[in-house]
Amino acid sequence: MRKQTILVVEDETALAELLIYALRREGYSAIHAGTGRMAEERVRQEKPDLILLDLMLPDLSGFDLCKTASMEKWNIPIIMLTAKADMVDKLLGMELGADDYMTKPFDVREVIVRIKAVFRRIELATALAKGEAEAAIEIKDGIRVIKRQRVVLRDGEKVELKNKEFDLLLFLAENRGTVFTRPQLLDHVWGYDFPGDTRTVDIHVQRLR
């Protein structure tokens, strides 16, 4: 399994070395950049999974790097590290795309905890997005069937369907390209012991159309 890579952007050598040591002990791959320009190069070359970003750097500020990350669509989570405790700075950092914010001095163990929390949030969001995508079936004419929520959308607008109408549409959507007889649809959608007849299928198909 590939190690997650964390870019430490910090111009204080002692602190950078401490963070890198702690990260590697925790099983991460850690790389360092002492300036904003160097950080930009490391991101483009190494493509890290997360950035620990000092706000005060000798060339670019952490805010500048956040702006670059947004413009270039780095799509990399950022935890800001700074000696500033001003709420305005914290809010600005978050508005510019930082995922978390820690004020110096801090305990390195807390940095590790924050990193793990960010990765957990990303994993959860990815899993939810994947689950929703897998549970949704695109048909045609802007029609989308969302299985888990039992919702049908047409061009983003919800379509009101009765339970069996939804069941029938879902069954047909999951078996596109297959031809079914009316009795087969009755068996699959209503159940073999349903007391109705094939006219029930005709009526529901007509409603769906």
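Residues numbered from 1 in each chain as written. Predicted model: local features only at pLDDT ≥ 70, side-chain atom pairs only at ≥ 80, totals over all residues. Heavy atoms only, no water.

**Here we look at the overall build of the protein**
Then, number 1: Broken down by element type, the protein carries eight helices and nine strands.
Then, number 2: Here the protein, with 209 residues, has 40% of them falling under the buried criterion.
Then, number 3: Intrachain contacts of the protein at a sequence separation of at least 6 include 49% that bridge at least 24 residues.
Then, number 4: Here the protein has roughly 13,000 Å² of accessible surface; of this, 52% comes from carbon and sulfur atoms. (Helix = DSSP H or I, 4+ residues; strand = E, 2+ residues; numbered from the N terminus. Buried < 20%, exposed > 50% of the residue type's maximum accessible area, 1.4 Å probe, protein only. Contact = heavy atoms within 4.5 Å. Areas by Shrake-Rupley, 256 points an atom, 1.4 Å probe, with all protein chains shown as cover.)

**Section: the environment of Ile203**
Then, number 1: In this fold, Ile203 is placed in helix α8 (residues 199–208).
Then, number 2: A relative accessible area of 41% places Ile203 in the partly exposed class.
Then, number 3: Separated by 38 residues in the primary sequence, Ile203 and Glu165 place their C-alpha atoms 9.7 Å from one another.

**Describing the pairing of strand β8 (residues 151–154)**
Then, number 1: Direction of pairing for strand β7 (residues 143–146) relative to β8: antiparallel, over a ladder of four bridges. Bridged to Ile143 within β8 is Arg154.
Then, number 2: Remark: four residues form the turn of the hairpin made by β7 and β8, two consecutive strands paired antiparallel; Arg150 in that turn has positive phi of roughly 55°.
Then, number 3: Note that β8 and strand β9 (residues 157–159) share three bridges and pair antiparallel. When the sheet's bridge partners are listed, Leu153 is paired in β9 with Lys158.
Then, number 4: Linkage of β8 to β9, two consecutive antiparallel strands, is achieved through a turn of two residues, within which Asp155 is found at a positive phi near 55°. (Pairing = 2+ DSSP bridges.)

**So, the sheet that holds strand β6 (residues 136–138)**
Then, number 1: Taken together, four strands build an open sheet; the order of strands is β6-β7-β8-β9 and the sheet is antiparallel. In this open sheet, the two edge strands, each paired with only one partner strand, are β6 and β9. The mean angle between the axes of side-by-side strands here comes to 30°, regardless of whether they run parallel or antiparallel. (Axes fitted to C-alpha atoms, helices over the stretch in contact; angles between N-to-C directions.)

**Here we look at the nonpolar core**
Considering soluble globular proteins, one finds that nonpolar side chains tend to be buried as a cluster.
Then, number 1: In this structure, Ile6, Leu19, Leu23, Leu50, Leu52, Ile79 and Ile115 are the most contacted members of the largest nonpolar core, which totals 22 residues.
Then, number 2: Only β1 (5–9), α1 (13–25), β3 (50–54), β4 (78–82) and α5 (108–135) provide two or more residues apiece to this core.
Then, number 3: Contact partners of Ile79, with chain neighbours within four places excluded, come to Leu50, Ile51, Leu52, Leu53, Asp100, Met102, Arg114, Ile115 and Val118.
Then, number 4: Judged by nonpolar contacts, the second largest core, of 21 residues, contains Val9, Val43, Ile51 and Leu60. (Core = buried A, V, L, I, M, F, W, Y, C linked by side-chain atoms within 4.5 Å.)

**Some details on the side chain of Thr68**
Then, number 1: As for its position among the elements, Thr68 is in helix α3 (residues 62–71).
Then, number 2: In this view, Thr68 contacts Glu40, Arg44, Lys73 and Trp74; residues no more than four positions away in its chain are not counted.

**With respect to the packing of aromatic side chains**
Then, number 1: One pass over the structure, following the stated rule, counts two aromatic pairs.
Then, number 2: Ring centres of Tyr28 and Phe119 lie 6.1 Å apart, and the angle between their planes is 35°; this geometry places the pair in the tilted category. Residue Tyr28 is found in the loop between α1 and β2 (29–33), and its partner Phe119 is found in helix α5; the two are separated by 91 residues along the sequence.
Then, number 3: Owing to a relative accessible area of 7%, Phe119 belongs among the buried residues under this scheme.
Then, number 4: For the pair Phe171 and Phe180, a centre-to-centre distance of 4.9 Å together with 50° between the ring planes defines the contact as tilted.
Then, number 5: By relative accessible area, which is 15% here, Phe171 ends up buried. (Phe/Tyr/Trp six-rings, centres within 6.5 Å; stacked < 30°, edge-to-face > 60°.)

**What about helix α7 (residues 182–190)?**
Given 3.6 residues to a turn, an α-helix orients residues that are three or four positions apart in the same direction.
Then, number 1: By the burial criterion, the buried members of α7 are Leu185, Leu186, Val189 and Trp190. End-on view of α7: buried residues confined to an arc of 105°, all on one side of the axis.
Then, number 2: Considering only its buried residues, α7 is in contact with α6 (163–174) and α8.
Then, number 3: Positive backbone phi, approximately 105°, marks Gly191, located one or two places after α7. (Arc of directions from axis to C-beta.)

**A short note on the confidence of the model for the protein**
Caution applies to low-pLDDT regions: their predicted coordinates should not be interpreted in detail.
Then, number 1: On average, residues of the protein carry a pLDDT of 84, and 90% of them reach 70 or more.
Then, number 2: Of all helices and strands in the protein, the one with the weakest mean pLDDT is helix α4 (residues 87–95) (72), whereas β1 scores best (97). (pLDDT = per-residue confidence, 0-100.)

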